[in-house]
Each structure stands twice: as structure tokens, then as C-alpha cells.
Amino acid sequence: LQNVRIDPSSMSFNMWKDIPVPFYMSVHFFEVLNPKEVIKGAKPVLSQRGPYVYREFRYKTNITFHDNDTVSYMEYRKLFFQPDLSNGTEEEYIVVPNILMMGAAVMMENLPTFIKFLLSGAMAGLKQEAFMNRTVGEIMWGYEDPLIETINTFVPGLMPFKGKFGLFVELNNSNSGLFTVYTGMKDISRVHMVDSWNGLKKVNYWRSNECNMINGTAGEMWPPFMSPTSLEFYSPDACRSMTLVYEQSGNFKGVPTYRFVAPKTLFANGTDYPPNEGFCPCMQSGIQNVSTCRLNAPMFISHPHFYNADPALVSAVEGLHPSKEKHALFLDVHPMTGIPMNCSIKLQLNLYIKQVSGILQTGKIKPVVMPLLWFSESGSIEGSVLKQFYNNLVLIPSLLDYLQYIFLGLSVPLIISAAVLMARSQRTTTEKSPRHPTTQSRPHPSSETTPLLRDTDTLGQDDAEA
């Protein structure tokens, strides 16, 4: 138990502070093969590109211990492109929806028509179209776009940011917020459980207290002695707490594990699963609207290829092939310590696009939740860390168990031998003890002047005199 507490003297502290596990983020893009036809109302045809793989380094800073059995920290991530592991380069061009323009069009749908016409004319002057052809690096890490300033001129505050726009521009060299978690020094059952995030006990993105609750851990470790039921963690990327359910027991390179997976209800809508009503407004089950925590942009998250989602989402486009083996997320956790041994968290980013009257660039696009990309963050304990983990938490306890049986096996013959010796000793004592006297050999009665013990010679003389 001492080794799983957040304590500088514990075995797992350095693993918690500077995660030694080699994490990789793999990104797959969905290229639109028929953009001109989509503008005319055709079904989008998609082709998956990638993966584009990045080595991910995580480390914690500003680690501060508090008197109430908690510790605060900020965790940073750095990503480095791995060309040898990738199927393509960051310089490759991909045709995807113009995320800024199409997102802004849906956001402005209910504005007065004349404002939309003015903005549409300004976008035409900037040569903005419904689809764009940009490099992988630009889409991920950002590009300069004058459309941001233009939109904010017509609709102040619609896009409250400046500089480059990219889907992962805030992910690299940035932190996931200020986490305060329990150390387990006073109560081991609460170790790693989140006390607050950015000073908040709950968020305010959603429409119900239940959906706004910050539950579970920060998603790195869990309390020891886990039960095969479920686990929870708070994900700043998804802006919510997530619950995974137990699927099966197994082992990872000799270490026993519990596998936890996403239930079908994770992204279900409020109709199919009422507790999720707070995440609405909803569309089909299998996607979650995250616009409230993404500057009101019409963004949705889901499993890759709409795995476990309403079949209507899959059939709305061509080129998706949902598969549990390829697209389901999982966590393999050592139940005794709560430390993940192997994991792969997968999410897909989607943009809701449609024809918006007054925005001529949207043409006759039919309403569709368009997949943009999906990514997986995967890692497993390897090398010296795995060896140390296996030796301390698997091998040594197993040897102790075996030694108990060995000692028990050795003690049985010793007990039997002792019992045999005791039985023999008792029999020998019985054989040496005097028999009961008979009437034919009765001793002379003793008197007041007769000693109870007499010499045999004296006895002989008495007999002769008699």
C-alpha cells in the first residue's frame, strides 16, 4: 500500500511524476474525395489517411502537497512527429471541410439575413470555400486565417481567439489544467481521486448537476484493490467525467489485469439513456455535442468510425467501417495497485455541416455529422519499469505464496514424525511400569516399627528367623 500512495518515498511516485511509459498518439484523417459533389447535395465519400504518429512525453510541474491529504500539479504534454512509424508526412495535403467557415456558418444560422449576406460576400473576397486543401501539419498545429478577424468584425466575439487556428494547437506544449488529487496518505481508498480541477468541484458546461460532476481520478492511476465493476476519470479533452465498465480479466506480460471498456451508453443521447440528457441538445446516439466547451462550435465527439453509434450516422457518409478490434477504447489495469499496464484511448472529432441560407458558400450541403479525424493515445509499461513492477508486485508475492505451501508441506512430515515418536515413547513407558500385585505375592504388612522401605538383606534375615 505504501508503494501506491503519492509520496516521494513510494515506488510509484516517479512513475506518477514523470510518466516513463512510452505514449504514442496516432492520428487518422478523413479526406473528402468528392467535395464539389457534396456542395451540390451528394453524400460525402471519405478515405482514411494516416496514421500520423507522434511520440508523447508527459511530465508534472508545480507539485504542491497540502495539509488536507491532497496534492496539486499541472501536467504538460509534448508531441514529436515520428516519420518512421507514420504512413505519410506532415507536409501532405488533405481535403477536409473548411472548419472555421462551415462552423461559423452553422453558428450564424439564426442571425439576420443581411448580416449573413455581408459576411458571405466578405468570405468570397477572401476566396473562402466550403472545403479546403491544407497540409496535415497546418490542420493539426495551426495556420493563419484572415477569416477569424473578418468574422469578428461582423459578429464581435463569435470567435474569441486570435492567431493560428488548428485542431491540436492547444495540445502541444500545454497543460491539461490544475488538478488537485488525494495522496492516499490518510485514506488509501481515495488515492488519485480528483478533489478539484482548476479550483472547481464541478464544471458548468452541461445542463444537469450529474453531468457537471468531476468524478474519479485524472485518468492515470486508480485506488488499489479494484473490483471488477467500473472505473471513472475526468477528461479535460472531453470536458466531462467518463465511466468505463469491466469486460474481462486477463494478463499483460505476466501481470494480472482487469480490462475496462466504454459502455454503449457513454455517448448515448438522452432518449436512449436519460442520465445523458444533461449533455444535450442531442442528435443520434453515439455522438456527444461538445459545443458548450468548444466556443459553441458545432463539434461532436464519438468513437472512431461511429463505432457503437446509430447506424444512420455511418450510412450518412461512405467510407466508414466500424470495428471493435480497431476502434474500441480499453484500459488494462493491475487491480491490486490500480496502475494501468496497457491502454488505448480513442476518440473521433466530427463537425456538423449543412446548407445555411444567406451563406452562399454552403451551397446545397445536406445536414451531416462529418468525421474530421480520429486519434488514439496508446501506451504500455515496458522494459525496466515492467521488470521492476513484475518483480515487486507479482513475482515476490507469488514466491511468498509458494513458500507458504512449501513450509506447510515440510511441516506435515515433521508433525507425523513427532506424533510417531510420542506414541512410541508412551508405549515404552507403559511396558516399563510395574504390574498390579497378586494375592500370592502380597508384601508383609507394615507396622509402626516396620520401615516402609527395607534392604533386601534385612528382608532375607527376617524370613530365615521366621
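Now for a quick tour of the structure. Given the structure is predicted, the values throughout are model-derived calculations rather than measurements. (Residues numbered from 1 in each chain as written. Predicted model: local features only at pLDDT ≥ 70, side-chain atom pairs only at ≥ 80, totals over all residues. Heavy atoms only, no water.)

Considering helix 3 (residues 99-107)
Turning to step 1, where the next piece is worked out: Among the nine residues in helix 3, eight count as buried, and that is most of the element.
Turning to step 2, where the next piece is worked out: For helix 3, the complete set of buried residues consists of I99, L100, M101, M102, G103, A104, A105 and V106.
Turning to step 3, where the next piece is worked out: Check the buried side of helix 3 and you find it contacts strand 4 (93-97), helix 4 (113-125), strand 5 (131-135), helix 6 (147-154), strand 14 (339-353) and strand 15 (368-380). (Buried < 20%, exposed > 50% of the residue type's maximum accessible area, 1.4 Å probe, protein only. Helix = DSSP H or I, 4+ residues; strand = E, 2+ residues; numbered from the N terminus. Contact = heavy atoms within 4.5 Å.)

Brief notes about the nonpolar core
Across soluble globular proteins, nonpolar side chains show a tendency to be buried alongside one another.
Turning to step 1, where the next piece is worked out: Within the largest apolar cluster, 118 residues are counted, with the highest numbers of intra-cluster contacts made by V27, F29, Y54, M140 and L231.
Turning to step 2, where the next piece is worked out: A total of eight residues in this core trace back to one element, the largest contributor, which is strand 14.
Turning to step 3, where the next piece is worked out: Sequence-distant contacts of Y54, defined by excluding residues within four places in its chain, comprise F23, Y24, M25, V27, L79, F80, F81, Q82, E90, V136, M140 and W141. (Core = buried A, V, L, I, M, F, W, Y, C linked by side-chain atoms within 4.5 Å.)

Some words on the pattern of salt bridges
Turning to step 1, where the next piece is worked out: Taken as a whole and judged by the stated rule, the model has 15 salt bridges.
Turning to step 2, where the next piece is worked out: A salt bridge links R207 to E277; the shortest N-O distance between them is 3.3 Å. Taken as a pair, R207 in the loop between strand 7 (194-197) and helix 7 (209-212) and E277 in the loop between strand 10 (255-261) and strand 11 (287-289) lie far apart in primary sequence, 70 residues in all.
Turning to step 3, where the next piece is worked out: According to the relative accessible area criterion, R207 is exposed, its value standing at 56%.
Turning to step 4, where the next piece is worked out: In this structure, D332 and R259 form a salt bridge, with 2.7 Å as the shortest nitrogen-oxygen distance. Taken together, the residues D332 in strand 13 (residues 330-334) and R259 in strand 10 connect sequence positions 73 residues apart.
Turning to step 5, where the next piece is worked out: Taking relative accessible area as the criterion, D332 reaches 6% and is therefore assigned buried.
Turning to step 6, where the next piece is worked out: A cluster of three or more residues bridged by salt bridges with shared partners is formed by E56, R58, R77, D237 and E377. (Salt bridge = Lys/Arg side-chain N within 4 Å of Asp/Glu carboxyl O.)

A closer look at the packing of helix 4 against helix 6
Turning to step 1, where the next piece is worked out: Look at helix 4 against helix 6: their axes get within 10 Å of each other, and the N-to-C directions meet at 160 degrees. Taken together, the axis directions place helix 4 and helix 6 in an arrangement best described as roughly antiparallel. Once helix 4 is placed against helix 6, the crossing between them reads as right-handed. Across the interface between the two elements, L118, L119, A122 and M123 of helix 4 pack against L147, T150, I151 and F154 of helix 6.
Turning to step 2, where the next piece is worked out: Each residue belonging to the contact of helix 4 with helix 6 can be placed in one class, and the counts come to seven nonpolar, one polar and no charged. (Axes fitted to C-alpha atoms, helices over the stretch in contact; angles between N-to-C directions. Parallel < 35°, antiparallel > 145°, perpendicular 65-115°, else oblique. Left-handed = near helix turned anticlockwise from the far one by under 90°. Nonpolar A, V, L, I, M, F, W, Y, C, P; charged D, E, K, R; others polar.)

Observations concerning a nonpolar patch on the surface
Turning to step 1, where the next piece is worked out: A cluster of nonpolar side chains, contributed by F114, L118 and F154, occupies part of the molecular surface with about 300 Å² of accessible area.
Turning to step 2, where the next piece is worked out: Looking at the secondary structure, you find F154 in helix 6.
Turning to step 3, where the next piece is worked out: Relative accessible area serves as the criterion here: at 31%, F154 is assigned to the partly exposed category. (Patch = residues over 30% accessible without salt bridge, like charges linked within 9 Å, V, L, I, M, F, W, Y side chains within 5 Å. Areas by Shrake-Rupley, 256 points an atom, 1.4 Å probe, with all protein chains shown as cover.)

Notes on the packing of aromatic side chains
Turning to step 1, where the next piece is worked out: Within the structure shown, the criterion is met by 18 aromatic pairs.
Turning to step 2, where the next piece is worked out: A ring pair is formed by Y246 and Y258, whose centres lie 5.3 Å apart and whose planes are at 80 degrees; its orientation type is edge-to-face. Taken as a pair, Y246 in strand 9 (residues 240-252) and Y258 in strand 10 lie far apart in primary sequence, 12 residues in all.
Turning to step 3, where the next piece is worked out: On the basis of relative accessibility, which here comes to 27%, the residue Y246 falls in the partly exposed class. (Phe/Tyr/Trp six-rings, centres within 6.5 Å; stacked < 30°, edge-to-face > 60°.)

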